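Topology and contacts: notes
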Amino acid sequence: MSIERFPHSAKEESFEFAPEVRAEFDRIVEKYPVKRSALIPALQLAQKQNGYISSAVMQHVAGIFDISAMDVWGVVSFYSMLKTHPIGEYHFQLCSNLSCNLLGSGALLRRIEERLGIRAGETRADGKFSLERVECLGACGGGPCVQINVDYFECATPEMIDGIISALEKGEYVPPVGADEVAPPPAAAAEAAAAGDGTANVAGKAEG
Ligand code: FES
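A few words now on the overall build of the chain. The helix and strand inventory of the chain stands at 10 helices and four strands. Element order for the chain, N to C, with α for helix and β for strand: α-α-α-α-β-α-α-β-β-β-α-α-α-α. Burial status across the chain gives 23% buried among its 208 residues. Restricting to contacts in the chain with at least 6 residues of sequence separation, those with at least 24 account for 58%.

And the structure:
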């Protein structure tokens, strides 16, 4: 396990909220009785504007909340949804925790790396795709699970991944896939169970 350090760059860029982003933040912060509770939404807005959370972003956000940049870093380093380096237009997060691992996330990782031409932790040279392995995405019943930007793709298979990447390469929208949409109908699952085929359920999902 690697420990992420407070990000510094030799030639630090400057950052401040764009006027329309600042206006959105001002609207959001009004909903919170304690201003500091709006720290995560503020960081999400900053990430949306800047692409990732740099040290300049943390300094700016710290100034807004009148806290130290290290306080901000404490939050940024905890949440994997907050990125400290540039990511692709389509950011793949593949769960590699136990449930997903047992259901085939290893094969998915190999297929995604092969299709995108990058390894986990990397961003493709054209900036279109990036990939990382993450811990539990909270969709253990629908493993293996891949999150692409904000959308979940549950019970994912290498074939499903092929279709998704081909569509995204062409700039097409790909709707999220929930476990319920790819699970076999109850009758088929019961039939498979009666036949003693322990893999039928997973295979059925995969083919869905
Ligand atoms: S183990 Fe993969 S979503 Fe929980």
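Once you've had a look at it, read on.
Moving on to the nonpolar core. Counting 24 residues, the largest nonpolar core has Phe92, Ile112, Cys145, Val146, Phe153 and Ala156 as the members making the most contacts within it. Those elements that place two or more of their residues in this core are β1 (90–95), α6 (105–116), β2 (129–134), β3 (146–148) and α7 (158–169). Setting aside its immediate chain neighbours within four residues, Val146 contacts Phe92, Gln93, Leu94, Leu108, Phe153 and Ala156. Counting residues in hydrophobic clusters, the runner-up holds 10 residues, among them Ala46, Val57, Val72 and Val76.

By the criterion of burial, β1 is predominantly enclosed, with five of the six residues buried. Bridge count between β1 and β2: six bridges; the pairing is parallel. Each bridged residue has a counterpart across the sheet, and for Leu94 the counterpart in β2 is Arg133.

For the rest of this paragraph, the subject is the sheet that holds β1. The mixed open sheet is built from four strands, whose spatial order is β2-β1-β3-β4. This sheet does not close on itself; its edge strands, each paired only once, are β2 and β4 (151–153). In this sheet, adjacent strand axes meet at a mean angle of 20° when their direction is disregarded. Those strands touched by α6 are β1, β2 and β3, and its axis lies near 155° from that of β1.

Before going further, it helps to examine the packing of helix α2 (residues 39–50) against helix α3 (residues 55–65). To describe two helices that pack against each other, one gives the angle between their axes and the distance between the axes. Packing of α2 against α3 leaves a shortest axis separation of 11 Å and a crossing angle of 145°. α3 is crossed by α2, and the crossing has right-handed handedness. Contacts from Leu39, Ala42, Leu43, Ala46 and Asn50 in α2 reach Val57, Val61, Ile64 and Phe65 in α3. Within the contact of α2 with α3, the residues separate by chemical class into eight nonpolar, one polar and no charged.

On to α6, then. An ideal rise of 1.5 Å per residue puts 16 Å on 12 residues; α6 measures up with 16 Å between its terminal C-alpha atoms. Buried residues along α6 sit against β1, α5 (98–102), β2, β3 and α7.

Of note, the bond from Gly143 into Pro144 is cis; its omega dihedral lies within 30 degrees of zero at -5°. On the secondary structure map, Pro144 appears in the loop between β2 and β3. At Asp66, a residue that is not glycine, the phi angle is positive and equals roughly 60°. Secondary-structure assignment places Asp66 in the loop between α3 and α4 (69–76). We classify Asp66 as exposed; it has 9 C-beta atoms within 10 Å. Positive phi, normally seen in glycine, also occurs at Cys155, with a value near 50°. Assignment of secondary structure puts Cys155 in the loop between β4 and α7. Its 26 C-beta neighbours within 10 Å are what place Cys155 among the buried residues.

Before going further, it helps to spend a moment on the packing of α6 against α7. Taken N-terminus to C-terminus, the directions of α6 and α7 make an angle of 30°; their axes are 9 Å apart at the nearest point. Relative to α7, α6 is oriented roughly parallel. Regarding α6 and α7, the two cross each other, and that crossing is right-handed. For the pair α6 and α7, contact is made by Ala107, Leu108, Arg111, Ile112, Arg115 and Leu116 and by Pro158, Ile161, Asp162 and Ile165, respectively. Class assignment for the residues of the contact of α6 with α7 results in seven nonpolar, no polar and three charged.

Criteria and cut-off values
Residues take numbers from 1 onward in each chain, read along the sequence in its written order. Reporting in this predicted model follows two pLDDT cut-offs: at least 70 for local features of residues, and 80 or more for side-chain atom pairs to be given and counted; totals over whole chains, interfaces and linings ignore these cut-offs and use all residues. Think of it this way: any DSSP run of H or I at least four residues long counts as a helix, any run of E at least two long counts as a strand, and we number them from the N terminus. Three exposure classes are used. Buried residues have 20 or more other C-beta atoms within 10 Å of their own C-beta, exposed residues have 12 or fewer, and partly exposed residues fall in between, all C-beta atoms being placed from the backbone. Two residues qualify as being in contact provided that their C-beta atoms, derived from the backbone, are within 7 Å of each other. Note on terminology: a nonpolar core is a set of buried residues of type Ala, Val, Leu, Ile, Met, Phe, Trp, Tyr or Cys, with members joined through C-beta atoms within 7 Å. Strands were regarded as paired on the criterion that DSSP finds at least two bridges between them. Helix axes are fitted to C-alpha atoms over the stretch in contact, other axes to C-alpha atoms as well, and angles between N-to-C directions run from 0 to 180 degrees. Here is the rule for handedness: rotate from the far helix to the near one, and if that takes an anticlockwise turn smaller than a right angle the crossing is left-handed, while a clockwise turn gives right-handed. All amino acids are sorted into three groups, where Ala, Val, Leu, Ile, Met, Phe, Trp, Tyr, Cys and Pro are nonpolar, Asp, Glu, Lys and Arg are charged, and the leftover types, Gly among them, are polar. Here the expected length of a helix is defined as 1.5 Å per residue gap, with one fewer gap than residues. Relative orientations are named as follows: roughly parallel for angles under 35 degrees, roughly antiparallel for angles over 145 degrees, roughly perpendicular for angles from 65 to 115 degrees, and oblique for any other angle.

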